[in-house]
Amino acid sequence: MKRNMNAIAKKIYSFVLVCVLSMAITSCTTSKSVVSQNVDLSKYRYASVINNDTYHIPAQLMEYEIMLFDAVEASRLQLVSDMRLYELTQEQQSKLLIVKYGVNIQTEETVVTVNFIDFLSGRPVALCRGAYSTLGFSSSADIKGAITRAAEQISQTFPKM
């Protein structure tokens, strides 16, 4: 009888420990969007992802760049090449967002941030953050999960009409 009680107590302890760890992991890996209070996001129609000599994705993450472009394209924003920005009319440029992204990889979690900046004013108008963690078990799963969560935030921030 006493062995049964010990076995049950160990199972309960293990279950509670798993629940606490799960809550800790999910509370740390928060995905969210921050939008400027003074900006009407509905006016924006175009987005250009900056990828030049001064701003580019690290070489080890190049394979995930497609996912980042897909994330922006899955929103209502139409992608415009950064080499064609000045071919747009003034009206189109007023509806254009410059997109910059960053990836922060740590053992605890991977965070992908996608920053949307008004082309004409240079003012940041929205930031979408995706975070994911396997507690260091798989960095590629962390990156994919963080990009997926960032994509969800982008789609919520710039929903298709």
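To start, this report covers the structure provided alongside it. Quick caveat: nothing in here was measured; it's all calculated off a predicted structure.

**A word on the overall build of the chain**
Secondary structure assignment for the chain yields four helices and six strands. Taken from N to C terminus, the helices and strands of the chain fall in the order α-β-β-α-β-α-β-β-β-α. Long-range pairs, those at least 24 residues apart, make up 64% of the contacts in the chain between residues at least 6 apart in sequence. Surface summary for the chain: the accessible area is close to 10000 Å², and the carbon and sulfur share equals 57%.

**Considerations on helix α2 (residues 65-73)**
An α-helical turn contains 3.6 residues, so a residue and the one three or four places further along point in the same direction. Among all positions of α2, only Glu65, Leu68, Ala71 and Val72 are buried. What you see down the axis of α2 is that its buried residues fit within an arc of 115°, all on one side. Buried residues belonging to α2 abut β2 (46-49), β3 (78-79), β4 (96-105), β5 (110-118) and α4 (139-157).

**Points about the sheet that holds β3**
An order of β1-β6-β5-β4-β2-β3 is seen for the six strands of this open sheet, with the pairing classed as mixed. The open sheet terminates on both sides in strands that have one partner only, identified here as β1 (32-35) and β3. In this sheet, β3 lies alongside β2 in parallel orientation, the contact comprising two bridges. Following the sheet pairing, Tyr46 is matched in β3 by Gln78.

**Regarding the packing of α2 against α4**
Axis separation between α2 and α4 bottoms out at 8 Å; the angle between their running directions is 15°. With respect to α4, the element α2 is oriented roughly parallel. Once α2 is placed against α4, the crossing between them reads as right-handed. Each of Met67, Leu68, Ala71 and Val72 in α2 lies in contact with α4, whose residues at this interface are Lys144, Ile147, Thr148, Ala151 and Ile154. Of the residues assigned to the contact of α2 with α4, the class counts are seven nonpolar, one polar and one charged.

**With respect to the nonpolar core**
Counting 27 residues, the largest nonpolar core has Val114, Phe116, Val125, Ile154 and Phe158 as its most contacted members. The element that contributes the greatest number of residues to this core is α4, accounting for six residues. When near neighbours in sequence (up to four residues on either side) are disregarded, Phe116 contacts Leu77, Leu97, Ile98, Val99, Arg123, Pro124, Val125, Ala126, Cys128, Ile154 and Phe158. Tyr46, Val80, Leu88 and Leu96 belong to the second-largest nonpolar core, a separate cluster that totals nine residues.

**Some words on the pattern of salt bridges**
Here the structure, examined in full by the defined rule, presents three salt bridges. Here Arg84 ties to Glu87 by a salt bridge, and the two come within 2.7 Å at their closest N and O atoms. Residue class for Arg84 comes out partly exposed when judged on its relative accessible area of 48%. We classify Glu87 as exposed; its relative accessible area is 54%.

**Things to note about the environment of Ala126**
By secondary structure assignment, the location of Ala126 is in strand β6 (residues 124-132). On the accessibility criterion, Ala126 (3% relative accessible area) is buried. For the pair Ala126 and Ile154, spaced 28 residues apart in sequence, the C-alpha separation works out to 9.3 Å. What Ala126 contacts, discounting residues up to four positions off in sequence, is Val34, Val35, Val114, Asn115, Phe116, Thr157 and Phe158.

The rules behind each value
- Residues numbered from 1 in each chain as written.
- Predicted model: local features only at pLDDT ≥ 70, side-chain atom pairs only at ≥ 80, totals over all residues.
- Heavy atoms only, no water.
- Helix = DSSP H or I, 4+ residues; strand = E, 2+ residues; numbered from the N terminus.
- Contact = heavy atoms within 4.5 Å.
- Areas by Shrake-Rupley, 256 points an atom, 1.4 Å probe, with all protein chains shown as cover.
- Buried < 20%, exposed > 50% of the residue type's maximum accessible area, 1.4 Å probe, protein only.
- Arc of directions from axis to C-beta.
- Pairing = 2+ DSSP bridges.
- Axes fitted to C-alpha atoms, helices over the stretch in contact; angles between N-to-C directions.
- Parallel < 35°, antiparallel > 145°, perpendicular 65-115°, else oblique.
- Left-handed = near helix turned anticlockwise from the far one by under 90°.
- Nonpolar A, V, L, I, M, F, W, Y, C, P; charged D, E, K, R; others polar.
- Core = buried A, V, L, I, M, F, W, Y, C linked by side-chain atoms within 4.5 Å.
- Salt bridge = Lys/Arg side-chain N within 4 Å of Asp/Glu carboxyl O.

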